[in-house]
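# Fold and contact review
So you can see what is in the structure, the chains are spelled out below.
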Amino acid sequence: MAVKKWLVILGTILLFAGINLFLYLKITCRLANNFSGSDQLKMIDVGSFLPFEEASDLARCGSSLHFQKEDDLPVLDGAAALVPVYASVIENCYPEGCVTYEGGSFSDDNYYGENFAPDSVMQYQNTVRGFEALVDGSVDLFFTARPSQAQMEYAQQKGVDLEIVPIGTEAFVFIVNASNPVDGLSKAQIRSIYRGEITDWRTVGGVPGKIDTLTRVEGSGSQTMMEYFMENNMLHIRSPLAIFGKSIGYSFRYYVSGMVADKRVKMLAVDGVYPDTENIRNGNYPICTNFYVVYRKDDPNENVGRLVEWLRSEEGQNLIEACGYVGLAE
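What counts, and where the lines are drawn
- Counting of residues starts from 1 at the beginning of each chain's written sequence and follows it residue by residue.
- A pLDDT threshold of at least 70 governs which residues receive local features in this predicted model, and a stricter bar of 80 or more applies before side-chain atom pairs are shown or counted, although totals over entire chains, interfaces and linings include all residues.
- Each side-chain value is worked out from all heavy atoms of the structure, with water and hydrogens disregarded.
- In DSSP terms, a helix is any run of H or I states spanning at least four residues, a strand is any run of E spanning at least two, and both are numbered starting from the N terminus.
- Exposure categories follow from relative accessible area, calculated using a 1.4 Å probe and restricted to protein chains: below 20% of the type maximum is buried, above 50% is exposed, and the middle band is partly exposed.
- Contacts are assigned to residue pairs that have any heavy atoms within 4.5 Å of one another.
- Nonpolar cores are built from buried Ala, Val, Leu, Ile, Met, Phe, Trp, Tyr and Cys residues. Side-chain atoms within 4.5 Å join them into one set.
- The pairing test for Phe, Tyr and Trp rings, Trp by its six-membered ring, is centres within 6.5 Å, and the orientation test on the planes gives stacked under 30 degrees, edge-to-face over 60, and tilted for anything in between.

What follows concerns the environment of Val176. With respect to the helices and strands, the residue Val176 is situated in strand β3 (residues 162–177). Look at Val176 and you get buried, because its relative accessible area is 0%. Here the alpha-carbon distance between Val176 and Gly249, two residues 73 residues apart in the chain, equals 6.5 Å. Among residues more than four places away in sequence, those in contact with Val176 are Val182, Trp201, Ser247, Ile248, Arg264, Val265, Lys266 and Leu268.

Following this line, the structure appears as structure tokens:
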């Protein structure tokens, strides 16, 4: 009787062990490879792009525009992907001591990985909060991709007219896990995927399995660009079964290749063209877009205009190129 009892217990243990092993192999392992590293990393390491820090990864190419401490210094903010650009502007054009921190030193112990003081010329509130700060007047210049319709409506509601000035060129890219055998898609295929018309990787030359379509936060630069690319015809509801497949996501090229630089992620060619610097510069990559600096038309600070003019000058364009982006087309 005792032997039978122990056999039942042992059988139960083996049954549960078998179930757990099955779940691990069939679900956990697959999900571990599902999301690309770029999508797992929610925020950039702002601490790597702090002006006037020797170890910071900033462009240092000199400038004939030099603000002094007594000048009315424009306050800069921007999207995550453009932190290297506006931080490098401060490094090259602003006086030391103008970037300040609450508590006296930089800390990443908060949601956005920054603790810039209210009087600091560098802020990092990311796209949604930073754009509102520009409209509300606490930020002078905002570095961003194409502003969303909601952001422009917010400015209109506040009675604020904005100047939107292109300062560089960037590629909008689609990313998958490096182990995914698919190396490229057409624009038509991408649109069909994000409209729910293509749901299996096999349809586009990959291994059979569900396509998990990742999206970004509404109002972010990436999501705004994606809505524009999708011609405002995009399926926002993901299939519950898609989490068992392999994902596809999107972002801007430099955010993926320069700031995150995760070897687990690869960028896809689109219409047979890979998004490298040369294909962006010559216009061969089919999804290129400008990025911008935005300011209020009624901003009384004359140095705002001086800085915008410098950004579009040869020196400013050299800085943008040195940051890893592509300058404005000729």
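With that settled, the discussion passes to the nonpolar core. Of all hydrophobic cores here, the largest spans 46 residues; its most connected members are Tyr94 and Phe143. Of all elements in the fold, only α3 (83–93), β2 (141–144), β3, α8 (253–260), β9 (288–296), α10 (302–311) and α11 (314–322) reach the threshold of two or more residues within this core. Take this core: its biggest share by element is seven residues, from α3. Apart from residues lying up to four places away in sequence, Tyr94 is in contact with Phe52, Phe67, Leu73, Pro74, Leu76, Val89, Val121 and Leu307. With 34 residues, the next largest nonpolar core counts Ile175, Leu185, Trp201 and Val204 among its residues.

With the rule as written, the count across this model stands at 13 aromatic pairs. Summarising the aromatic geometry, the rings of Phe172 and Phe174 are spaced 5.5 Å apart at their centres and angled 80 degrees between planes, so their arrangement reads as edge-to-face. Per residue, the accessibility class of Phe172 equals that of Phe174, and both read buried. Residues Phe172 and Tyr250 carry aromatic rings whose centres are separated by 5.7 Å and whose planes lie at 45 degrees to one another, so their mutual orientation is tilted.

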